[in-house]
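Okay, here's what each chain looks like letter by letter:
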Amino acid sequence: MKKRILLTLASLLVSLYASSTQAAPVKVVVTIPDLADFANRIGGDKVTVYAMASGVEDPHNVLMRPSMVTKLAQADLFIVMGLDLEHAYAPALLAESRNQKIQVGKPGYLDCSRGVSVREAPTSLDRSEGDVHPHGNPHYNTDPGRMRVVIGEIAARLSEIDPADAAQFQANAKQLTAKLDAKIVEWKQKLAGKNIRFVSYHPVWPYFAERFGVQPVGTIQPKPGIEPGPRYVDELIARMKADNIRLIVKESFYSDRLPKQIAAATGARLVSVPIQVHGTKEATDYIAFMDAVVNAFAGKE
Ligand SMILES: [Zn+2]
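Residues numbered from 1 in each chain as written. Predicted model: local features only at pLDDT ≥ 70, side-chain atom pairs only at ≥ 80, totals over all residues.

**Remarks on the overall build of the chain**
Selection criterion: Put simply, DSSP H or I for four residues or longer makes a helix, DSSP E for two residues or longer makes a strand, and each gets a number counted from the N terminus. Put plainly, a residue is buried at 20 or more neighbouring C-beta atoms within 10 Å of its own, exposed at 12 or fewer, and partly exposed in between, counting only other residues' C-beta atoms, which are placed from the backbone. Contacts here follow a simple rule: the backbone-placed C-beta atoms of the two residues must lie within 7 Å.
For the chain, the helix and strand inventory stands at 10 helices and eight strands. Here the chain, with 301 residues, has 41% of them falling under the buried criterion. Of the contacts formed within the chain by residues at least 6 apart in sequence, a portion of 61% connects residues at least 24 apart.

**Considering the nonpolar core**
The nonpolar side chains of soluble globular proteins are, as a tendency, buried together. Here is the rule: A set of buried residues qualifies as a nonpolar core if it consists of Ala, Val, Leu, Ile, Met, Phe, Trp, Tyr and Cys joined through C-beta atoms within 7 Å.
By size, the foremost hydrophobic cluster in this structure holds 75 residues, and its most contacted members are Val28, Val30, Ala39, Ile42, Ile79 and Ile154. The leading source of residues in this core is helix 10 (residues 286-298), at seven residues. Discounting residues that sit within four places of it in the chain, Ile42 has contacts with Ile151, Ile154, Ala155, Leu158, Phe169, Asn172, Ala173 and Leu176.

**Examining the environment of Phe78**
Within the element layout of this structure, Phe78 appears in strand 3 (residues 77-80). Its 28 C-beta neighbours within 10 Å are what place Phe78 among the buried residues. Separated by 27 residues in sequence, Phe78 and Ala51 have C-alpha atoms that sit 9.9 Å apart.

**A short note on helix 5 (residues 144-161)**
Selection rule: For a helix, the expected span equals 1.5 Å multiplied by the number of residues minus one.
Over its 18 residues, helix 5 extends 25 Å from the first C-alpha to the last, a length consistent with the 26 Å expected when each residue adds 1.5 Å. Inspection of helix 5 places Pro144, Arg146, Met147, Val150, Ile151, Glu153, Ile154, Ala155, Arg157 and Leu158 among the buried residues, and these make up the whole buried set.

**Let's talk about the packing of helix 3 (residues 66-74) against helix 4 (residues 90-97)**
Worth spelling out the cut-off: Angles run from 0 to 180 degrees between N-to-C directions of axes, and those axes are lines fitted to C-alpha atoms, restricted for helices to the stretch in contact. When an angle is under 35 degrees it counts as roughly parallel; over 145 it counts as roughly antiparallel; between 65 and 115 it counts as roughly perpendicular; any other value is oblique. Left-handed describes a crossing whose near helix is turned anticlockwise from the far helix by less than a right angle; the clockwise case is right-handed. Just so you know the grouping, Ala, Val, Leu, Ile, Met, Phe, Trp, Tyr, Cys and Pro go in nonpolar, Asp, Glu, Lys and Arg go in charged, and all remaining residues, Gly too, go in polar.
Contact pair helix 3 / helix 4: the axes reach a minimum separation of 8 Å and the direction vectors enclose 60°. With respect to each other, helix 3 and helix 4 are oriented oblique. The two elements helix 3 and helix 4 cross, and the hand of that crossing is right-handed. Touching Met68, Val69, Leu72 and Ala73 of helix 3 are Leu93, Leu94, Glu96 and Ser97, all from helix 4. Partitioning the contact of helix 3 with helix 4 into residue classes produces six nonpolar, one polar and one charged.

**Quick look at helix 9 (residues 257-266)**
For clarity, the threshold we go by: Note: the arc covers the axis-to-C-beta directions of the helix.
Along helix 9, the positions that sit buried rather than exposed are Pro259, Ile262, Ala263 and Thr266. Each buried residue of helix 9 sits inside an arc of 100° when the element is viewed along its axis, so together they form one side. Facing away from the buried surface of helix 9 by more than 90 degrees, the exposed residues are Arg257 and Ala264. Close packing links the buried residues of helix 9 with helix 8 (230-243), strand 7 (247-251) and strand 8 (269-273). At the exit of helix 9 stands Gly267, carrying a positive phi of roughly 75°.

**Description of the pairing of strand 6 (residues 215-219)**
Put simply, the rule reads: By definition, two strands form a pair when at least two bridges between them are found by DSSP. Think of it like this: strands point away, you trace from the first strand over the helix to the second, and a clockwise trace means the crossover is right-handed.
Here four bridges tie strand 5 (residues 197-200) to strand 6, and the two strands are oriented parallel to one another. When the sheet's bridge partners are listed, Val199 is paired in strand 6 with Gly218. Considered for its hand, the β-α-β crossover made up of strand 5, helix 7 (residues 206-212) and strand 6 is right-handed.

**A word on the sheet that holds strand 6**
With parallel pairing, the four strands of this open sheet are ordered in space as 6-5-7-8. With partners counted over all chains shown, the strands left at the sheet margins are strand 6 and strand 8, one partner each. Neighbour-to-neighbour, the strand axes of the sheet open up by a mean angle of 30°, direction not taken into account.

**Here's the deal with the sheet that holds strand 1 (residues 26-30)**
Strand order in the open sheet made by the four strands is 2-1-3-4, with parallel pairing throughout. Both edges of this open sheet fall to strand 2 (47-51) and strand 4 (109-111), since each of them pairs with a single strand only. Shown here is a sheet whose adjacent strand axes are inclined to one another by a mean of 20°, direction ignored. When strand 3 meets strand 4, the two strands line up parallel, connected through three bridges. Bridge pairing in strand 4 places Phe78 opposite Tyr109.

**A word on unusual backbone geometry**
With phi around 65°, Asp84 is a residue other than glycine that occupies positive phi space. Within the fold, Asp84 resides in the loop between strand 3 and helix 4. A positive phi angle, close to 60°, is found at Glu120, a residue other than glycine. Mapped onto the secondary structure, Glu120 falls in the loop between strand 4 and helix 5.

Take a look at the structure:
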């Protein structure tokens, strides 16, 4: 009798354990908040999502914290933008986590750039002058068309890790993509026919430009991540005057000292623009972020 009770208890414990592991959400860690927004919308209550970047900082320079290693150590899936956007912090933290499931090449590691056509791809790898875009431009989150591809990649990888909930992931991804497609039409209409030519602080916008027909004509940084000297700034001002460039786009985390100086010298309109979700307080999710970007470029009607 006693033996039977013990057996019953044991099998009860086993089934309790099984059901709790089945129900455990997939633990996802991402680098930028854009990826967190997508993972949350696709994963719903089947995932928990932790973003390393808060969104207000330069995405190339996210401050490393010990809590990030703890999150990575427990993660089932680590999602990055790739193209070395996270070069300054992600590889070191990933190594430190010692989590074999999420190392490069494992099913728990997703580099979203692998399905995306890259702009400004270099002919040779060169970090010699501090260029922070050695594999091409990593700011493809400014193109909602490329982010459609990312949505598909995240849904596919979540489905691989948690096949029982694959149908829900696919349905959520489909809904999110449809919403994004409708917004792309709206954003294109807002920017159509405006012939917007602009100078930005950092080369963030080639993907956005390709999608929406605006024209980046120069950057305040002579090379990605390199601050300009006075002669470079003077030359930029002269060129903006000669070419009648009327817009300066300052990515929100940069100081406005130089942009204000250049705006005063040229009479160009200066806007501060988020380059990722939570980059400004309006940018509460991916669509709100892109709304803010499009409105800043389009200006007041
Ligand atoms: Zn960059």
